[in-house]
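A structural walkthrough
The primary structure of each chain is shown beneath.
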Amino acid sequence: MNLSIETPALLFSATSLILLAYTNRFLTIAQIIRSLKKTYEEEENKTILLEIKNLNLRLTLIRYMQLFGVMCLFLSVFAMLLLFIGYTSIGIYLFGLSLLCLLISLGLSFWEISISVKALRLHLSDLKD
């Protein structure tokens, strides 16, 4: 199998955009948690506590999404370096690992989004048509 140095470079733009999206999700959820914590301190509503717990799980998933996204980018750069200096076989395996990290990151993203959708449906369940 031949792998040129340009192939791992293709992941740069995609991975960078994904990491930006993950960071935006993290910041939004962190802001919501701060707001809910303030509300909980005033009301001590059990529902708010459950929402905070759900959002905390989502923050943990986003942290792992970011970790695997960064690992994807790191391994991709390292694979490019190895391809550049002539270690083709090791570079190919590292590029494969970077793709695996990207796949894990995307899988965690899907899990986090599904938790978000379930929470929104539960939140809106008391509305009537």
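Residues numbered from 1 in each chain as written. Predicted model: local features only at pLDDT ≥ 70, side-chain atom pairs only at ≥ 80, totals over all residues. Heavy atoms only, no water.

Per-residue confidence for the protein chain gives a mean pLDDT of 89; residues scoring 70 or more make up 98%. Element-level mean pLDDT values for the protein chain span from 88 in helix α1 (residues 6-43) up to 92 in helix α2 (residues 46-85). (pLDDT = per-residue confidence, 0-100. Helix = DSSP H or I, 4+ residues; strand = E, 2+ residues; numbered from the N terminus.)

With that settled, the discussion passes to the packing of α2 against helix α3 (residues 88-124). Where α2 contacts α3, the two axes come as close as 8 Å, and the packing angle between them is 165°. Taken as axis vectors, α2 and α3 run roughly antiparallel relative to one another. Where α2 crosses over α3, the two elements pack in a sense that is left-handed. Within the contact of α2 with α3, the residues separate by chemical class into 24 nonpolar, ten polar and three charged. (Axes fitted to C-alpha atoms, helices over the stretch in contact; angles between N-to-C directions. Parallel < 35°, antiparallel > 145°, perpendicular 65-115°, else oblique. Left-handed = near helix turned anticlockwise from the far one by under 90°. Nonpolar A, V, L, I, M, F, W, Y, C, P; charged D, E, K, R; others polar.)

This part is about the UniProt feature "transmembrane region" (unreviewed entry) in the protein chain. In this structure's numbering, the residues bearing the UniProt feature "transmembrane region" (unreviewed entry) are residues 12-33, 67-86 and 92-111. Across residues 67-86 one finds 95% helix and 0% strand; the C-alpha atoms that close the span lie 28 Å apart. Secondary structure across residues 92-111 divides into 100% helix and 0% strand, with the first and last C-alpha atoms of the span separated by 29 Å. (UniProt positions renumbered as here; feature names shortened; annotations may be inferred.)

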